[in-house]
Amino acid sequence: MSEGGAILKVNNLTKTFPGGSGSTIHAVNDVTFEIRPGEILGMVGESGSGKSTIGRAITGLAQATSGGVIFRGKDITSLPEKHFRGLRKDLQIVFQDPWGALNPRLRVKTIVEEPLRLHTDMNSAERKRRVSELAQLVRLNTGLLSRFPNELSGGQLQRVCIARALATNPELIVLDEPTSSLDLSVRAGILRLLLNLRRELSISMLFISHDLGTVRLISDRIVVIYLGRIVEQGPTEKVFKEPSHPYTQALLSAHLTPDPEIGHGRHILEGEIPSTVHLPTGCFFAGRCPVGLESCTKQSPPMVNIDGDHQSACLRVADGENLLGAAQIAAPNHMPT
Amino acid sequence: MTLLEVKNLHTHFITRDIGNQVQVAKALNSVSFQVEAGEILGLVGETGAGKSLTALSIMGLLRPPAEIVEGAISFEGRDLVNMRISELNKIRGAAIAMVGQNPRGALDPLTRIGEQIARVARAHNPKLSKSNAATMAVAAMDRVGIADAPARAEAWPHELSGGMAQRVLIAMALINGPRLLIADEPTTGLDVTVQAQILDLLRELVQELNMGAMIITHDLGVVAQYCNRTAVMYAGRIVEEGLTGAVFSQPAHPYTQALIGSTPEKLDFSIDLDEGGGPPNLYGLPPGCHYIDRCPRPADACVRIPSNVAISESHHALCHFAEGSS
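Residues numbered from 1 in each chain as written. Chains lettered and ligands numbered in written order. Predicted model: local features only at pLDDT ≥ 70, side-chain atom pairs only at ≥ 80, totals over all residues.

**Focus on the overall build of chain A**
And step 1. If you tally the helices and strands in chain A, you get 10 helices and 12 strands.
And step 2. What you see for chain A is a C-alpha radius of gyration of 21 Å, in line with the 20 Å of a compact globule of 337 residues.
And step 3. By principal-axis analysis of the C-alpha atoms, chain A measures approximately 65 × 55 × 45 Å.
And step 4. Residue burial in chain A is summarised as follows: out of 337 residues, 47% are buried.
And step 5. Taking the contacts inside chain A whose residues are at least 6 apart along the sequence as the reference set, 66% of them involve residues at least 24 apart. (Helix = DSSP H or I, 4+ residues; strand = E, 2+ residues; numbered from the N terminus. Rg over C-alpha atoms; globule rule 2.2 N^0.38 Å. Buried ≥ 20, exposed ≤ 12 C-beta atoms within 10 Å, placed from the backbone. Contact = placed C-beta atoms within 7 Å.)

Okay, structure coming up:
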């Protein structure tokens, strides 16, 4: 897919929030990426890395402090709510907590129908048909449509949220941790659904998650975020197999594969994520980076191309010292079998 | 002697409904397992399977209407079920320690953390002076990898990150030299890099102190990477148990197979637990196999309670159709 074909472009997006006692929280710092038609872009990072804020800024639920969001070639960054509403039909979001995302006083069918009332000129019979079509699409028993949200399980509720988001045939859906609050088997059902939907409808998705296994399964490309800044991006398998940024390497090595045979060595990270109020200078990861240099704390590393689509923001890529070596690896898991 | 032996444990919630009819929710149904010194047992299952309730039953922390109606729990050969509270209080918090999930919620917000750890030491050893207890607390904090422990001992709970709070709880659990550590979802809600640090610490402590440990989790990754043995729970029963390598490479129970096939790494498109409905109602469990309604290959025999089939010497499954590997 060509560069110009992006459905969404995020350019130098920055978002700050006022903190306590006059301080400023730097949630998102100069983030640039794009989503291409029909693509699922995964966004991974630990809590507080600004993933959700980016999702909210894209969908107009948070105002960007600076930078721009371009949707289908149109700058929607500071669009007044009145004008944004017209866009919502093409730009939808699914939240993490399905219990909190649905109006408890409306029946499921009314919830799913609402976007059709707002954004289409379908008549009542057409809307009704579309609602049951959507229920089938998300594999929700149509008998549940006349129930209230409190009568449904978490997995069923998340299917309702997805049906609602799909109702108006959007071009882009932001999925903000859609499976994180669900039990394992229910989560698997939602993942199967999303993978099927992707085959059936070619919708672009931004899939935000902290779960590496899920992101790897579902995304075409991924973006890795640390302290509100992109440290690495590229095709999913490339990034998982040959992570370039030291943070990505450490993050991936900490992922626990549900297979005792694949017990691998782990890159130990000292300390915890720095505060978003007092951002470090230079590379945000420099203070914890096993291969960091003095110069890393002074200048912000630019995104450099590694290989085609694969990019990493690390100064040490230039001298090839970005890869964490054996010295930084913890003792491999020794599972007695 | 076995460190912890749970045998045929039945914990039920016994209530009366509006019509004064007795209602029994059979939350644990004949749970049996052992934990030996120096090993980590992973107890894995989904919400409501009875994992935490098993831990609470062992710790004697059940509140009405939950009660143990049958079964034995023996710790170093001593029966915990019928033990007097005063005796039990000498054991829990000392020889048996527990670390819960939501570490920040488990700390007293109005007490400095060093003081909280010291309290646990003094509760089990009243002769210990306050200053000695404080020194012990700092040493324990140091042991669990809290940098600059003397200064951090003066911190308030709200000043700690989730990972740091969990280290504090582990320090608290260690202070009286436990021989059994029960960790209930110790890393749920923590970020992956922090999760790995906490689990590394737990494993290191188990080996160094030759403790027995039980990790309760819904995360198969945690079990696969950190537990020597795995017990899979479903609707109040352990449906499969064995060495972790064997359970993951040759899962014998259909539920274990489905659970492994639900992980993103091994997502199986041919099974969908969700569409088969949720776990059974504990007030009206099926008489035989609890998994019968969701099982992809139920048979006539499944209306009878399955017996524990040995797959190998150290691996069994509660399924009529499980087969030995021989």
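And the narrative resumes.
**Some details on the environment of Asp191 of chain B**
And step 1. Structurally, the position occupied by Asp191 of chain B is in the loop between strand E7 (180–184) and helix H7 (192–209).
And step 2. By C-beta crowding, Asp191 of chain B is classed as buried, having 22 other C-beta atoms within 10 Å.
And step 3. Considered as a pair, Asp191 of chain B and Gly162 of chain B are 29 residues apart in the sequence and their alpha carbons are 9.0 Å apart.
And step 4. Apart from residues no more than four positions distant in its own chain, Asp191 of chain B is found in contact with Glu46, Ser47 and His210 of chain A.

**Focus: the confidence of the model for chain B**
And step 1. Mean pLDDT over chain B works out to 92, with 97% of the residues at or above the 70 mark.
And step 2. As a predicted assembly, this complex carries a pTM of 0.89 together with an ipTM value of 0.85. (pLDDT = per-residue confidence, 0-100.)

**So, the pairing of strand E8 (residues 204–209) of chain A**
Residues and elements named next belong to chain A.
And step 1. The buried fraction of E8 is high, at 6 of 6 residues.
And step 2. Of the two faces of E8, the one carrying Ser204, Leu206 and Ile208 and the one carrying Met205, Phe207 and Ser209 are both buried.
And step 3. Where strand E7 (residues 172–176) meets E8, 5 bridges bridge the pair, whose relative direction is parallel. Bridge pairing in E8 places Leu175 opposite Phe207.
And step 4. This β-α-β element, E7 to helix H7 (residues 184–200) to E8, shows right-handed connectivity. (Pairing = 2+ DSSP bridges. Right-handed = clockwise from strand over helix to strand, strands pointing away.)

**Here's the deal with helix H4 (residues 130–143) of chain B**
Residue and element names in this part refer to chain B.
And step 1. Between the first and last C-alpha of H4 there are 20 Å, a value that for 14 residues agrees with the 20 Å anticipated at 1.5 Å per step.
And step 2. Where the residues of H4 are buried, they touch helix H3 (113–124), helix H5 (149–152) and helix H6 (162–174).
And step 3. Just downstream of H4 lies Gly145, where phi reads positive at about 85 degrees. (Expected span 1.5 Å × (residues − 1).)

**A word on unusual backbone geometry**
And step 1. A cis amide bond links Pro64 of chain B with the next residue in sequence, Pro65 of chain B, at an omega value of 5 degrees.
And step 2. By the element assignment, Pro65 of chain B lies in the loop between helix H1 (51–59) and strand E4 (66–75).
And step 3. In this structure, Leu227 of chain A is a non-glycine residue whose phi angle is positive, near 50 degrees.
And step 4. Within the secondary structure, Leu227 of chain A sits in the loop between strand E9 (221–226) and strand E10 (229–235).
And step 5. Although it is not a glycine, Ala235 of chain B adopts a positive phi angle of roughly 45 degrees.
And step 6. Within the secondary structure, Ala235 of chain B is located in the loop between strand E9 (229–234) and strand E10 (237–243).
And step 7. Overall, the presence of 25 C-beta atoms within 10 Å leaves Ala235 of chain B in the buried class.

**Thoughts on the sheet that holds strand E3 (residues 40–44) of chain A**
Residues and elements named next belong to chain A.
And step 1. Taken together, 8 strands build an open sheet; the order of strands is E6-E7-E8-E3-E9-E10-E12-E11 and the sheet is mixed. Where the open sheet ends on each side, the last strands, each with one partner, are strand E6 (91–94) and strand E11 (304–307). Within this sheet the neighbouring strands show an average axis-to-axis angle of 20 degrees, counted without direction. (Axes fitted to C-alpha atoms, helices over the stretch in contact; angles between N-to-C directions.)

**Thoughts on the environment of Gly320 of chain A**
Residue and element names in this part refer to chain A.
And step 1. Considering the arrangement of structural elements, one finds Gly320 in the segment after strand E12 (310–312).
And step 2. Judged by C-beta crowding, with 7 C-beta atoms within 10 Å, Gly320 ranks as exposed.
And step 3. Between the C-alpha atoms of Gly320 and Ser244, which are 76 residues apart in sequence, the distance is 9.7 Å.

**Remarks on the interface of chain A and chain B**
And step 1. Counting from both sides, the interface comprises 38 residues of chain A and, opposite them, 35 residues of chain B.
And step 2. Put simply, the parts of the chain that give the side of chain A that touches chain B at least two residues each are H7, helix H8 (212–218) and helix H10 (246–253) of chain A.
And step 3. Here the element with the most residues in the side of chain A that touches chain B is H7 of chain A; it accounts for 8 residues.
And step 4. For the side of chain A that touches chain B, the residue count by class is 16 nonpolar, 13 polar and 9 charged. (Nonpolar A, V, L, I, M, F, W, Y, C, P; charged D, E, K, R; others polar.)

**Examining the environment of Gln233 of chain A**
Residues and elements named next belong to chain A.
And step 1. Here Gln233 shows up in strand E10.
And step 2. Taking the C-alpha atoms as reference points, Gln233 and Asn305, 72 residues apart in sequence, are found 9.7 Å from one another.
And step 3. Leaving out residues up to four positions away in the same chain, Gln233 has contacts with Phe33, Arg221, Ile222, Val223, Val224 and Gln311.

**What about the packing of helix H4 (residues 108–119) of chain A against helix H5 (residues 124–137) of chain A?**
Residue and element names in this part refer to chain A.
And step 1. For the pair H4 and H5, the least separation of the axes is 10 Å and the interaxial angle reads 120 degrees. The angle between the axes of H4 and H5 places the two elements in the oblique class. Where H4 crosses over H5, the handedness of that crossing is right-handed. When H4 is examined against H5, the residues Lys109, Val112, Glu113, Leu116 and Arg117 are found in contact with a partner set consisting of Arg127, Arg130, Val131 and Leu134.
And step 2. For the contact of H4 with H5, a count of residues per class yields 4 nonpolar, no polar and 5 charged. (Parallel < 35°, antiparallel > 145°, perpendicular 65-115°, else oblique. Left-handed = near helix turned anticlockwise from the far one by under 90°.)

**Focus on H6 of chain B**
Residue and element names in this part refer to chain B.
And step 1. Helix length check: H6, at 13 residues, gives a terminal C-alpha distance of 18 Å against a target of 18 Å (1.5 Å per residue), a fit within 8%.
And step 2. H6 sits mainly inside the fold: 11 of its 13 residues count as buried.
And step 3. Elements in contact with the buried residues of H6: strand E6 (96–99), H3, H4, E7 and H7.

**Some remarks on the nonpolar core**
And step 1. Ranked by size, the top nonpolar core spans 186 residues in total, and within it Ile117 and Ala137 of chain B carry the most contacts.
And step 2. If one sorts the elements of this core by residue count, H6 of chain B sits on top with 9 residues. (Core = buried A, V, L, I, M, F, W, Y, C linked by C-beta atoms within 7 Å.)

**A short note on the sheet that holds strand E2 (residues 24–35) of chain A**
Residue and element names in this part refer to chain A.
And step 1. Spatial ordering of the open sheet is given by E2-E1-E4-E5, a layout of 4 strands whose pairing is antiparallel. Two strands bound the open sheet, and with one partner strand each, they are E2 and strand E5 (74–75).
And step 2. Pairing between strand E1 (residues 8–18) and strand E4 (residues 66–71): 5 bridges, direction antiparallel. Of the residues in E4, the one forming a bridge with Asn11 is Gly68.
And step 3. Seen against the sheet, helix H1 (residues 51–58) touches E1, E2 and E4 and runs at an angle of roughly 115 degrees to E1.

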